[in-house]
Structures are given as structure tokens and as C-alpha cells.
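Listed below are the residues making up each chain.
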Amino acid sequence: MPKDNDAAELVNKRFGADVVIPARNVKRIPRVATGLTSMDMALKGGLPMGVPVMLSGRKSSGKSAWSYMVLGQATKQYGGFPLILQSEPGFDWEWAEQCGLKRSGCLYFDGTKYNIKENLQFVLDVMRKDKPTAILMDSLSAISDDPDQSLLDSKSHGGKAKPINEFFRKMTGAVDREKPPLMIFVEHLHPDINSPHGRLITTGGETKGYMAVIELRFRVESVTKEIMDDVLTYDGKKPEWVVQRRIVWELQKSKIGADGAVGTFQLGIRQTPFCEPGEISDWEELLQQAIMLKQIRKKGAWYIFGETKFQGIHNLKAGLPAEALREIIANPRQADGEGEREEDGGPEGAGVGEPKKQAGRRRGRKQEGDTVPRGGEDDNREVSVPEDGVVAEDQA
């Protein structure tokens, strides 16, 4: 039995060209680290470049915000420039920058002015000639030959399938093998009007699903609200404003590893003492890991790390940001054992003091110092929020 080098030489000699190489010489697909620990772990280092990454979810589930953040990470790690093809109205540069995308060097294409074939051909031409570091199509669901067609119309689904299928077949040949781009395609989930069970579907046929190497799905698990004490509605009531969303991500398909991974991150909507607009963080998930590893202990409203005590979750986040928690998880030290476990967290003056005064107050079933209250989900995967809240739309 010939060795792989000998076999490759024989095959190439027979075809008169270098058509095969030993499989062990195939280069590892480069990755873009998202900065979300559990997601990067599930993806073996980050999102693969040069292959389609499909991102789906309902409205306001953080798809665009997360994509802007990842495009910023791609250019930070590899240089070059990102390209945004926007086929939906409402793109806002301020929001994109808050999410982590730098305006300098970024190219923007207004896909609302062109039909589906022109949009897709533009992407192929730019990939071949200009070689961007990252491409975002937001969204694949919105492009159409007929602007009067509804996304829910089955005829619209069929009309999109052929050009989208052709695009994904041609895209493989348009990718620069030496410097492949990150390619993210956003899709909207909506109910299948032909299904009695209310299943959620996307548009554009099946081929894109076969060609996709990664499929991610986002959904809103819960929201954090503040009651605005300094604002009154027309009927004299104090409104509740959404300030943060907790997003659940699920790896539904992966050709580079096992699928089925699930994790969470928080998306900041408005400025508060505990989040920034556009801030995407897995801090709460990291905190839960640190507690499970017994690196951080929780007693009432107090959090204890070694000899340091923090009163309230806001002070803990200020004292131990995400990078500090990652270091704690990566290099766990021996648990303290029984140690000092005072009910109120220790003597007066321990930790970093009282939490900052907030403009409003968090609303939910948990008291201050607890994590974000959880919402739920109905049978159609629609988001439902505890008590009397609803998920509001935003730029995400």
C-alpha cells in the first residue's frame, strides 16, 4: 500500500496536474474569535472563515448587533476591511459602532436599491476582486425581485430559492483560499403559514442549509427593565424601559465539530450602571461557571472571592470584569474549604462598598444583587417576559 505522499504523486502524475495533496497537509480553517468564551470553545477557537455562517432568529434577538461585534473582531484580528450589504432599512452607524464595528475602512452597500440577483452578484464580484476580510449580508431574508411580495408568501420563498442556491454554489469558487473572508448571512425566522404546528422557517430553499458550515440560532430569554422615576406617560404612570436583553444562542449545525452547544450573552440596550448600549458580554455566564467551580461563593447579596468581598452584583462586575473571570476559570485555585462564611459577607467596609445609585430600579422577581430575571418561551418560540413586560424592538 503506497504512503500518502507516494499515492498523491501517482494520482497527480496520472492527471498531469497537482489535483490532490495528502490530507494531513490540509491547512486548518482560520477562525475569528468572538470573545464569548463558551461560543469560541464550541467553535474550536471561533467562527471559521471562507465558509457560510448562517445566523437566524426572531426580531430583536441581537442578530445584527452580534454581527457588528464579530465584524469588528475580524478586522481587529486580521486587518483589511469589512463589507456590509444591507437589504433592510434602518441601518444606524452609531449603533453599529457601539456594538464594536469601527466606521473607518468599512464599506456599505445599500441592497434595498437592487433586486436579489444584483445583490448576490455584487457580493461575488467584491469577493473575487476586492477581497474583504469580512462580509455581512443583513439580511438574506429581505432581498427580493418583487418588493411587494411578503416574506410569508410561499411564492416568494420559491422565487428566492433558485438565485440563492446558485449564489451559494458559485461562492465557493469566489473565495480567496489564501485569505478567506468571514461570511455571515442573517436570516429571519417566521411562522410557516402552511404548518398547523406554527413551526418557524427561513426563506431561500434548502441548498444554503447544505452549504452552510455553521448555523447559529438566537432567541431572547429574558429582559431587564428599569422603571423610569423621572419620566411620566400621558396617563401619569412611570414607564418601564428595556435596558438589557439576555440572548440564548444555539449551535444548530457545525461541520467543524459537534453541534448542539448552547450558551448565553447579554446585549445592552441603554446606558445603566451595569451595562452600556451595544455592549455584548458573557459576564453572567462566566460568573455562573466561577460559582460552579467554587472559585466565587455567594452568600445573600455578597460575593466572596478569596479574601475579597463584594456587596451586590454591580460591585462584583466592577471589581471582577469578564477578563478577570476568564482568568479565574482558566486558572482555578484550590477552594478555600469551609473558611469564613459570615451570613452578611463580612465586617463593615469589606469589598467595594455600596452599589451606585440608579436612575430607575430593576424590575423582576429577584432582589437587587441577583442575576437578570428569566423570561420564558411559548410553543412557537415567541418570547414572553415575566410579569407585565414585552420585548421591544430595537436596532438589533
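Structure: see above.
Colleague: What exactly am I supposed to notice about the pairing of strand E4 (residues 82-86) here?
Modeller: Regular strands have side chains that alternate between both faces of the sheet. Of all five residues in E4, five are buried, a share of seventy percent or more. Because side chains alternate across E4, one face comprises the buried residues Pro 82, Ile 84 and Gln 86, and the other comprises Leu 83 and Leu 85, equally buried. Sheet topology note: the E4/strand E6 (residues 134-138) ladder contains five bridges and is parallel. Paired with Pro 82 across the strands is Ala 134, a residue of E6. Strand direction decides the pairing type here: E4 and strand E5 (residues 107-110), joined by four bridges, are parallel.

Colleague: Is there a simple way to think about the sheet that holds strand E15 (residues 302-305) in this case?
Modeller: Working definition: the strands of a sheet are paired by backbone hydrogen bonds and lie parallel or antiparallel to each other. The three strands lie next to each other as E14-E15-E16, forming an open sheet whose pairing is antiparallel. Only two strands of the sheet have a single neighbouring strand rather than two, namely strand E14 (297-299) and strand E16 (308-311). With direction set aside, neighbouring strand axes in the sheet form an average angle of 25 degrees. Across three bridges, the pairing between E14 and E15 is antiparallel. By the bridge assignment for E15, Arg 297 is matched with Ile 304.

Colleague: Would you explain a nonpolar patch on the surface in this entry?
Modeller: Residues Phe 15, Val 19 and Val 20 make up a contiguous nonpolar surface patch of about 270 Å² in total accessible area. Note that Val 19 resides in the loop between helix H1 (4-15) and strand E1 (31-32).

Each value, and the rule that gives it
- Residues numbered from 1 in each chain as written.
- Predicted model: local features only at pLDDT ≥ 70, side-chain atom pairs only at ≥ 80, totals over all residues.
- Heavy atoms only, no water.
- Buried < 20%, exposed > 50% of the residue type's maximum accessible area, 1.4 Å probe, protein only.
- Helix = DSSP H or I, 4+ residues; strand = E, 2+ residues; numbered from the N terminus.
- Pairing = 2+ DSSP bridges.
- Axes fitted to C-alpha atoms, helices over the stretch in contact; angles between N-to-C directions.
- Patch = residues over 30% accessible without salt bridge, like charges linked within 9 Å, V, L, I, M, F, W, Y side chains within 5 Å.
- Areas by Shrake-Rupley, 256 points an atom, 1.4 Å probe, with all protein chains shown as cover.
- Salt bridge = Lys/Arg side-chain N within 4 Å of Asp/Glu carboxyl O.

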